[in-house]
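# Summary of the model geometry
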Amino acid sequence: MRLQAKGLSKRYGNRTVVQDVSFSLKAGQTLALIGGSGSGKTTTLRMLNRLVTPDEGEVYFDGVSTRDIPGEQLRRKMGYVIQQTGLFPHYSVFENIAAVAQLLNWPPRQIHERVELLLSKLGLNPNIYWFKYPEELSGGQQQRVGLARALMTDPPILLMDEPFGALDPITRQEIRREFLLLDEFRSKTIVLVTHDVTEAVEMANYICLMNEGKVVQIGKARDFLFRPANDYVRDFFKEHRIALLMEMVTMEELAQDLHFSKPMYRVPLKPPPERDPKYITVKKAFQMIEEECEPEEMQLTRKKLLWAWESWLSKMEETYP
């Protein structure tokens, strides 16, 4: 395992803020910590890189207890991104991103090439942003610079504490989309703290729901929607359940679960051959109807898909009440 937490607990005086938290992640996996305010998400995250020292339990990096790794060395192996970016206001974009690599005595040419690559991948033209200062950047641009800084030395683990929380919804969605497309992130083990349920489902392989410092349930998104551990989990996801299912269920699953004799996605959607229906979600299918169907067939096609979707939901409610 790349990252393991075993029985982590933290107390401040007589108050226990985190109690017996455990999880394991392989290289390339992402865990989202979600829960209400004060549930212990951020404290748990900070115990992973020893910004907060656990009172009980252990954290293991590649099988080695982090207590046996010097703090400075440990934090270089774990990139850290926070909501307010933490950029140095008196440093330029280049200086902010390059700071850790310079401390590690990287060759100047290697530093310049790496900064240029990261800025380009994150949609910031190096020729425009290289010498700008944080106050000259928008919130979204500052967050991109913060991501670039966390990725500069290519750490195997990335810790993210509400990284997009201060951004407006449109910018947040844009950066999430860019984040998911970056090859830089695909091999990394990521622990993400977020209050946004949609963000957790979209970005993480696994979700850990916390309440009052304890793990209520941990698993894949579908487990929370179809096999909630208790009423707290059910209520936590209730408001978002239909929207999340539309993001997750594919047209192929819809056809299989409803036992259509013909693949239903071919009837209403007529996708080009290169688009595999197993990756077309119900939400995307509705969008495709609006974008691709002729006006005279759009209404009928939407009705077909809506009927199938409502039939599927009814079936799931019977199967997973």
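Here's what I pulled together on the structure shown here. Source: prediction; values computed, not measured. (Residues numbered from 1 in each chain as written. Predicted model: local features only at pLDDT ≥ 70, side-chain atom pairs only at ≥ 80, totals over all residues. Heavy atoms only, no water.)

## Overview of the overall build of the chain
Looking only at helices and strands, the chain features 15 helices and 10 strands. Its C-alpha atoms give the chain principal-axis dimensions of about 65 × 55 × 30 Å. Residue burial in the chain is summarised as follows: out of 321 residues, 47% are buried. Excluding contacts between residues fewer than 6 apart, the proportion of contacts in the chain whose partners are at least 24 apart in sequence is 67%. With the model as given, the accessible surface of the chain reaches about 16,400 Å², and the carbon-plus-sulfur share is 48%. Taken as two groups, the 42 positive and 43 negative side-chain charges of the chain have centres that lie 3 Å from each other. (Helix = DSSP H or I, 4+ residues; strand = E, 2+ residues; numbered from the N terminus. Buried < 20%, exposed > 50% of the residue type's maximum accessible area, 1.4 Å probe, protein only. Contact = heavy atoms within 4.5 Å. Areas by Shrake-Rupley, 256 points an atom, 1.4 Å probe, with all protein chains shown as cover. Lys, Arg positive; Asp, Glu negative; His and termini not counted. Charge placed at Lys NZ, Arg CZ, Asp CG, Glu CD.)

## As for the pattern of salt bridges
The tally for this structure, following the rule as stated, stands at 12 salt bridges. Two residues, Glu253 and Arg222, come together in a salt bridge whose shortest N-O distance is 3.0 Å. Here Glu253, found in helix H13 (residues 251–257), pairs with Arg222, found in helix H10 (residues 221–226); they are 31 residues apart in sequence, far enough to count as distant. Since its relative accessible area comes to 24%, Glu253 is described here as partly exposed. Measuring nitrogen to oxygen at the nearest pair gives 2.9 Å for the salt bridge that ties Glu247 to Lys283. (Salt bridge = Lys/Arg side-chain N within 4 Å of Asp/Glu carboxyl O.)

## A word on the packing of aromatic side chains
Evaluation of the coordinates by the stated rule reveals 7 aromatic pairs. Note on Trp309 and Trp312: the rings are 5.3 Å apart at their centroids and 10° apart in plane angle, and the pair reads as stacked. With Trp309 and Trp312 both in helix H15 (residues 295–319), this residue pair falls 3 residues apart, about one helical turn. (Phe/Tyr/Trp six-rings, centres within 6.5 Å; stacked < 30°, edge-to-face > 60°.)

## Points about the sheet that holds strand S1 (residues 3–12)
Across the sheet, which stays open at both edges, the 4 strands sit in the order S2-S1-S4-S5 with antiparallel pairing between neighbours. This sheet does not close on itself; its edge strands, each paired only once, are strand S2 (15–25) and strand S5 (64–65). Pairing of S1 with S2, which is carried by 7 bridges, proceeds in the antiparallel orientation. Counted as the bridge partner of Gln4 is Ser24 from S2. (Pairing = 2+ DSSP bridges.)

## Some points on the packing of helix H3 (residues 93–103) against helix H4 (residues 108–121)
It is at 10 Å that the axes of H3 and H4 come closest, and there the two elements cross at 130°. Looking at the two axes, H3 sits oblique to H4. Both H3 and H4 take part in a crossing whose hand is right-handed. Together, Val93, Phe94, Ile97, Ala98, Ala101 and Gln102 of H3 and Ile111, His112, Val115 and Leu119 of H4 make up the contact between the two elements. Grouping the amino acids of the contact of H3 with H4 by side-chain chemistry returns 8 nonpolar, 2 polar and no charged. (Axes fitted to C-alpha atoms, helices over the stretch in contact; angles between N-to-C directions. Parallel < 35°, antiparallel > 145°, perpendicular 65-115°, else oblique. Left-handed = near helix turned anticlockwise from the far one by under 90°. Nonpolar A, V, L, I, M, F, W, Y, C, P; charged D, E, K, R; others polar.)

## With respect to the nonpolar core
Within the largest apolar cluster, 66 residues are counted, with the highest numbers of intra-cluster contacts made by Leu254 and Trp312. Core analysis: the second largest hydrophobic core is formed by 25 residues, Ala5, Val17, Val21 and Met210 among them. (Core = buried A, V, L, I, M, F, W, Y, C linked by side-chain atoms within 4.5 Å.)

## A short note on the pairing of strand S8 (residues 189–193)
For S8, the buried fraction is high: 5 of the 5 residues fall into the buried class. The alternating pattern of S8 places Thr189, Val191 and Val193 and Ile190 and Leu192 on opposite faces, both of which are buried. Summarising the sheet, strand S3 (residues 30–35) and S8 pair through 4 bridges and their orientation is parallel. Paired with Leu31 across the bridge in S8 is Val191. Pairing of strand S7 (residues 157–161) with S8 involves 5 bridges; the strand directions are parallel. Each bridged residue has a counterpart across the sheet, and for Leu159 the counterpart in S8 is Val191.

## Overview of the side chain of Thr66
With respect to the helices and strands, Thr66 occurs in the loop between S5 and helix H2 (71–76). Ignoring anything within four residues of it in the chain, the contact list for Thr66 reads Leu48, Arg50, Val59, Phe61 and Leu74.

## Brief notes about helix H14 (residues 282–292)
What H14 keeps buried is the set Val282, Ala285, Phe286, Met288 and Ile289. End-on view of H14: buried residues confined to an arc of 160°, all on one side of the axis. (Arc of directions from axis to C-beta.)

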